[in-house]
Amino acid sequence: MAARRWREVREEAVEVQDAPRCALCSRPLGAKTEWHHVIPKSRGGRDVVPVHPICHRTIHATLTEAELERFYPSMADLRDHPEIAKFLRWVADKPADFHKRTEPRGGRKRR
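Here's a quick rundown of the structure.

Conventions used here
Residues numbered from 1 in each chain as written. Predicted model: local features only at pLDDT ≥ 70, side-chain atom pairs only at ≥ 80, totals over all residues. Heavy atoms only, no water. Helix = DSSP H or I, 4+ residues; strand = E, 2+ residues; numbered from the N terminus. Buried < 20%, exposed > 50% of the residue type's maximum accessible area, 1.4 Å probe, protein only. Contact = heavy atoms within 4.5 Å. Areas by Shrake-Rupley, 256 points an atom, 1.4 Å probe, with all protein chains shown as cover. Pairing = 2+ DSSP bridges. Phe/Tyr/Trp six-rings, centres within 6.5 Å; stacked < 30°, edge-to-face > 60°. Core = buried A, V, L, I, M, F, W, Y, C linked by side-chain atoms within 4.5 Å. Polar contact = N/O pair within 3.5 Å; in protein donor to acceptor, adjacent residues only side chain to side chain.

## A few points about the overall build of the protein chain
Of the regular secondary structure elements, the protein chain holds five helices and two strands. Overall, the protein chain shows an N-to-C arrangement of helices and strands of α-β-β-α-α-α-α. With 111 residues in all, the protein chain has 32% of them scored as buried. In the protein chain, the proportion of contacts linking residues at least 24 apart, taken out of those at least 6 apart, comes to 54%. Element-wise, carbon and sulfur atoms account for 51% of the exposed surface of the protein chain, whose accessible area totals about 8,000 Å².

## Overview of the pairing of strand 1 (residues 34-37)
Across the two faces of strand 1 the burial differs, with Glu34 and His36 buried and Trp35 and His37 not buried at all. Sheet topology note: the strand 1/strand 2 (residues 48-51) ladder contains four bridges and is antiparallel. Bridging from a neighbouring strand, Glu34 pairs with Val51 of strand 2.

## A word on the packing of aromatic side chains
Counted according to the given criterion, the structure contains two aromatic pairs. With centroids separated by 6.1 Å and ring planes inclined at 40°, the aromatic side chains of Phe87 and Trp90 adopt a geometry described as tilted. Note that Phe87 and Trp90 are positioned in helix 5 (residues 82-91) at a spacing of three residues, about one turn of the helix. Given a relative accessible area of 9%, Phe87 falls into the buried group.

## Considering the nonpolar core
Counting 20 residues, the largest nonpolar core has Cys22, Leu24, Val51, Cys55, Met75, Leu78 and Phe87 as the members making the most contacts within it. Of all the secondary structure elements, the ones that give two or more residues to this core are strand 2, helix 2 (53-62), helix 4 (75-79) and helix 5. Of all the elements, helix 5 adds the most residues to this core, at four residues. In contact with Cys22, not counting residues within four places along its chain, are Arg27, Leu29, Pro50, Val51, His52 and Cys55.

## Let's talk about the environment of Arg27
Tracing the backbone through its elements, the reader meets Arg27 in the loop between helix 1 (2-17) and strand 1. For Arg27, a relative accessible area of 6% puts it in the buried group. For the pair Arg27 and Val91, spaced 64 residues apart in the sequence, the C-alpha separation amounts to 9.1 Å. Beyond its immediate chain neighbours, meaning those up to four positions away, Arg27 contacts Pro20, Arg21, Cys22, His52, Ile54, Cys55, Val91, Ala92, Lys94, Pro95 and Ala96. A polar side-chain atom of Arg27 sits 3.2 Å from a polar atom in the side chain of His52.

Spatial relationships are all this shows, so hold off on functional conclusions.
Set out below in structure tokens:
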């Protein structure tokens with residue numbers, strides 16, 4: 001019986017390890033996945049990558065579409081942005097389906 005349990009635990013670990021990962025934070029994706037256009041669709045971008053909703057909202061709350069197109073044309077470039085890097089350090093230990101309200105750009109409150 002113990003061997004069977006160990007096998008089940010190993011199979012679960014493999015599933016988590018092989019689970020699709022967020023293109024921004026690299027954590028396993030949860031129940032909800034959103035698709036981010038690396039180059040904004042409005043600017044001719046076609047390539048999309050899977051991201052957590054909180055990661056997607058952080059990207060768009062931090063940068064405009066023009067900034068994404070001009071200065072952050074790849075996910076690696078995006079991870080180097082100071083505010084995004086700070087977010088990534090903060091979210092690193094959160095569960096896949098973690099959600100928190102995302103503040104608008106510059107920390108301004110919406111009306």
